[in-house]
Amino acid sequence: YQVMKDECKVATGLIVNGDDVTIHGLAVEHTEEHLTIWNGERGNVRFYQSELPYDVSHASFGAKGYTGYMVASHVKDHDAQAVGVYSNFRDYIVTVDTAIRHPIEETKGKEINVEEAPLSGGKSDMVKDAFVVHLDNFGRIMSVVNGKGGEASEQGKPVRVAVGVDSLN
């Protein structure tokens, strides 16, 4: 069953505010804003799977900079591995700039509006072995992590960032 527009509405699936949180095997799907927001220090995630919402418009999701996994700009230490974000925009053409966003060297520890955060810049290793996949229907994800990695627009073809944002394949 695929959720229909305005059914089971939720803004964000998980918001982590605590420090030293470890999660093995996290899945969050179909929220109307950032799927996961990580605010705590020293977060550790091993395997994250998410699917962006089916029924949002570009104006309500893509244009607002929402992502599948977002580490807040003030976070200095975070380690996520095997992070996957899938798209299946069923109802509208939606373009997402980046599936995963985390602070880069020039923004770590600074309070900034996440929608205004730069998509590229200094080396950062908060997210490793990330990928995106366009499953079906409309729209696309333009990059994997912080503007790095290729566009996911070909159905079923994963686009990967091997280790961190500086090793692309």
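Procedures and definitions
- Residues numbered from 1 in each chain as written.
- Predicted model: local features only at pLDDT ≥ 70, side-chain atom pairs only at ≥ 80, totals over all residues.
- Heavy atoms only, no water.
- Salt bridge = Lys/Arg side-chain N within 4 Å of Asp/Glu carboxyl O.
- Buried < 20%, exposed > 50% of the residue type's maximum accessible area, 1.4 Å probe, protein only.
- Helix = DSSP H or I, 4+ residues; strand = E, 2+ residues; numbered from the N terminus.
- pLDDT = per-residue confidence, 0-100.
- Contact = heavy atoms within 4.5 Å.
- Pairing = 2+ DSSP bridges.
- Polar contact = N/O pair within 3.5 Å; in protein donor to acceptor, adjacent residues only side chain to side chain.
- Core = buried A, V, L, I, M, F, W, Y, C linked by side-chain atoms within 4.5 Å.

### Points about the pattern of salt bridges
Part 1 of the argument: Across all of its chains, the model carries six salt bridges by this definition.
Part 2 of the argument: Note that D91 is salt-bridged to R90, the shortest N-O span being 2.7 Å.
Part 3 of the argument: A residue is classified by how much of its surface remains accessible, and D91, at 30% relative accessible area, is partly exposed.
Part 4 of the argument: Note that R140 and E151 form a salt bridge whose closest N and O atoms lie 3.4 Å from each other. Note that R140 is positioned in strand β10 (residues 140-141) and E151 in the loop between β10 and β11 (159-163), a separation of 11 residues in sequence.
Part 5 of the argument: Through salt bridges with shared partners, a single ionic network connects D19, D20 and R42.

### A short note on the confidence of the model for the chain
Part 1 of the argument: Taken over all residues, the pLDDT of the chain has a mean of 85, while the share at 70 or more is 82%.
Part 2 of the argument: Low confidence marks residues 117-123, where pLDDT is under 50. Its contacts with residues over four positions away, or in another chain, come to 23 contacts.

### Digging into the sheet that holds strand β5 (residues 69-71)
Part 1 of the argument: Reading across from one edge, β1-β3-β5-β8 is the order of the four strands in this open sheet, with parallel pairing throughout. What marks the edges here is a single partner per strand, and that holds for β1 (14-16) and β8 (100-101).
Part 2 of the argument: As paired elements, strand β3 (residues 36-38) and β5 share two bridges and run parallel to each other. Within β5, the residue paired with W38 across the bridge is V71.

### Some remarks on the side chain of H78
Part 1 of the argument: Of note, H78 is situated in strand β6 (residues 78-87).
Part 2 of the argument: Exposure remark for H78: the relative accessible area of 3% places this residue in the buried category.
Part 3 of the argument: A distance of 2.7 Å separates the side chain of H78 from the side chain of Y69, its partner in a polar contact.
Part 4 of the argument: In this structure H78 touches W38, G43, Y69, V71, D125 and M126, once residues within four positions along its chain are discounted.

### Side note on the nonpolar core
Part 1 of the argument: Among the nonpolar cores identified, the biggest contains 34 residues, and F61, Y69 and I100 are the most heavily contacted of them.
Part 2 of the argument: Going through the elements one at a time, β2 (22-29), β4 (43-51), β5, β6, β9 (127-134) and β11 are the ones with two or more residues in this core.
Part 3 of the argument: Ignoring sequence-local partners within four residues, the contact set of Y69 consists of T36, W38, V45, Y48, H78, A80, V83, A99, I100 and R101.

### Details of the pairing of β4
Part 1 of the argument: In this structure, β2 lies alongside β4, joined through seven bridges in parallel fashion. Bridging across to β4, A27 finds its partner in Q49.
Part 2 of the argument: Pairing analysis gives eight bridges linking β4 to β6, with the strands arranged parallel. Residue pairing across strands places S50 opposite V85, the latter belonging to β6.

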